[in-house]
Amino acid sequence: TLDSANRVTNPLPPSPVRVGSGSRREAGLLLKPVAPSLGLLGMEAVLEQVEQLPALLAVSRSTLVRDWDSLTLDRALEWARYFQHLHDRFRTRPRLREALGRRLRRGQPSPLLSFPDLGRCPQLVGLALLENRALPPAACRRLIHGLLQPPCAEHGPSPGSLALLARRKAASRLLALPCCPPRVPVGMEPQVQTEAQLLLKRLQEEGQEAEPAGEGTKRLCWLSGVLEQLSQPRAFEVAAAALLLLMQGSGAEQAGGRGLERSSRGENRASATDEYVAGLLLSWVLENLERFSAFCLFLPGSLLASLAGHYSQLGRPYLDLLTVWGSHLLYDPFQGRWVKSCLDKGELSWEELRERFNCLCEGSALLRGQTQAALKLLKAQDGDFEVCGLSVWTDLLMEVEEYLRKEANVNV
């Protein structure tokens, strides 16, 4: 009820934030009185306050902070802690949580902010101010002291809060790396793993929130915007690493840095969240054929085979893409081998294609059976030849079967 919601939001929030002598329109929202009225107006007042969060972040990133003194800075951080308080109070109340999320998204062109961001407000505001060179030195020192020693800390500094701020700062640096030339990754590098963990953490938090109609598309747009800030090879590495972490069952624990034991209900919720996150990542990979082709060209066959064996949404499109690439190979009788029909075209050579099919057959029994069945069908459709050099599918099937025989003999 509204009365119970009003009781939950006590004590009253801090005084309005001063934004210095500037009169920018976006700062005007923060000059409104924010104490909730009594009776039925209380919850509406809270919703209006939540709607001010984008303005608080905008002011924190603007040149208006050059007029801030220590008192103004304290009030801005107090606002951030108040928003975090709202998150902690409402996160177990689905209807109120959904209402706050809807109000927070109002007027935003894309879902840059959502309900989980209320819980991160001290870190979001702190990071925005730390990166703002217009913040006066005295206020900056006050900010650092406030982040290291929050006023409500009872037993010294809060390492969790500081660690989270450090991770957000690292994310802003890592996800803004300059473009680099394509290269073949050898395993998962620590830097790529860190980026993937940060991305998973954010997506998992979003997945735990009740999803209003149409939000899935908006969140996919947000994911696209984040990954497209990276160079294409780097984006592919991060997306694949995130899928691999989810596949290994370590995505949630590693991304969150928590070792909490989960109840059966908690495990089911986490599993549903991981499926949601994996679906978003796979949608980004598969929604564009050109992107999917580049994704499969860049990543090694062993990694793609592992992902295809676990994610059924990826296995069939990957086999179809290999089929397209194989159909473009031509047999050169002078060289006695299959060659690309166009050397400049971004496709696989005969040797690379053979290695990709071998990797697929090294996977699970199901994936191996699907791969061999696909090759046998293609061979039959292409004339069912038994002689080398007439059909690329005959030759590939013979190579794969020979490879499997050798592997079987080695394992005996």
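Cut-offs applied
- Residues numbered from 1 in each chain as written.
- Predicted model: local features only at pLDDT ≥ 70, side-chain atom pairs only at ≥ 80, totals over all residues.
- Heavy atoms only, no water.
- UniProt positions renumbered as here; feature names shortened; annotations may be inferred.
- Helix = DSSP H or I, 4+ residues; strand = E, 2+ residues; numbered from the N terminus.
- Buried < 20%, exposed > 50% of the residue type's maximum accessible area, 1.4 Å probe, protein only.
- Contact = heavy atoms within 4.5 Å.
- Areas by Shrake-Rupley, 256 points an atom, 1.4 Å probe, with all protein chains shown as cover.
- Phe/Tyr/Trp six-rings, centres within 6.5 Å; stacked < 30°, edge-to-face > 60°.
- Core = buried A, V, L, I, M, F, W, Y, C linked by side-chain atoms within 4.5 Å.
- Domains from an automatic or database assignment.
- Polar contact = N/O pair within 3.5 Å; in protein donor to acceptor, adjacent residues only side chain to side chain.
- Pairing = 2+ DSSP bridges.
- Salt bridge = Lys/Arg side-chain N within 4 Å of Asp/Glu carboxyl O.

Under an unreviewed UniProt entry, the protein has the name Fanconi anemia group F protein and belongs to Ceyx cyanopectus. Entered under Subcellular location (unreviewed entry) in the UniProt record, the comment concerning the protein runs "Nucleus".

Turning our eyes to something else, we now look at the overall build of the protein. Counting secondary structure elements, the protein contains 21 helices and two strands. Taken across its 412 residues, the protein has 47% of its residues classed as buried. Considering only residue pairs separated by 6 or more positions, the protein has 70% of its internal contacts joining residues 24 or more positions apart. In the structure as shown, the protein presents an accessible area of about 21300 Å², 54% of it carried by carbon and sulfur atoms.

Time to look at the environment of Val226. Tracing the sequence through the fold places Val226 in helix α12 (residues 215-227). Each C-alpha atom, one on Val226 and one on Leu199, is 9.0 Å from the other, the two residues being 27 residues apart in sequence.

Next up on the list: the packing of aromatic side chains. Counted according to the given criterion, the structure contains six aromatic pairs. Among the aromatic residues, ring-to-ring pairing joins Trp79, Tyr82 and Phe83 into one connected group.

Membership of the largest hydrophobic core comes to 66 residues, with the highest contact counts inside it found for Leu199, Leu223, Leu281, Trp284, Phe295, Phe357 and Leu360. Sorting elements by how many residues they give to this core places helix α13 (residues 232-247) first, with eleven residues. Residues lining this core come from more than one domain, with at least three contributed by each of domain 2 (190-201 + 221-249 + 272-295) and domain 3 (300-411). Not counting the four nearest positions on each side in its chain, Leu199 is found in contact with Trp222, Leu223, Val226, Leu227, Val238 and Leu281. Judged by nonpolar contacts, the second largest core, of 34 residues, contains Met43, Ala76, Leu77 and Ala99.

Here the focus is the side chain of Lys379. Secondary-structure assignment places Lys379 in helix α20 (residues 365-381). Residue Lys379 is classed as buried on the basis of its relative accessible area, which comes to 9%. In terms of polar contacts, Lys379 uses its side chain to reach the side chain of Glu386, at 2.9 Å. Setting aside chain neighbours within four positions, we find Lys379 in contact with Asp384, Phe385, Glu386, Trp393, Thr394 and Leu397.

This part covers the pairing of strand β2 (residues 337-340). Summarising the sheet, strand β1 (residues 329-332) and β2 pair through four bridges and their orientation is antiparallel. If you follow Leu329 over to β2, its bridge partner there is Lys340. Hairpin connection between β1 and β2: a loop of four residues separates the two successive antiparallel strands, and Gly336 in this loop has a positive phi of roughly 70 degrees.

On to the pattern of salt bridges. Summed over all chains, the structure comprises 17 salt bridges. Between Glu51 and Arg103 there is a salt bridge, and its shortest N-O distance comes to 3.5 Å. One end of the pair, Glu51, is in the loop between α3 (42-50) and α4 (53-61); the other, Arg103, is in helix α6 (residues 94-105), with 52 residues separating them in the sequence. With relative accessibility at 28%, the residue Glu51 sits in the partly exposed group. Residues Arg120 and Asp117 are paired through a salt bridge, measuring 2.2 Å at the closest nitrogen-oxygen approach. On the basis of relative accessibility, which here comes to 1%, the residue Asp117 falls in the buried class. A cluster of three or more residues bridged by salt bridges with shared partners is formed by Glu44, Glu51 and Arg103.

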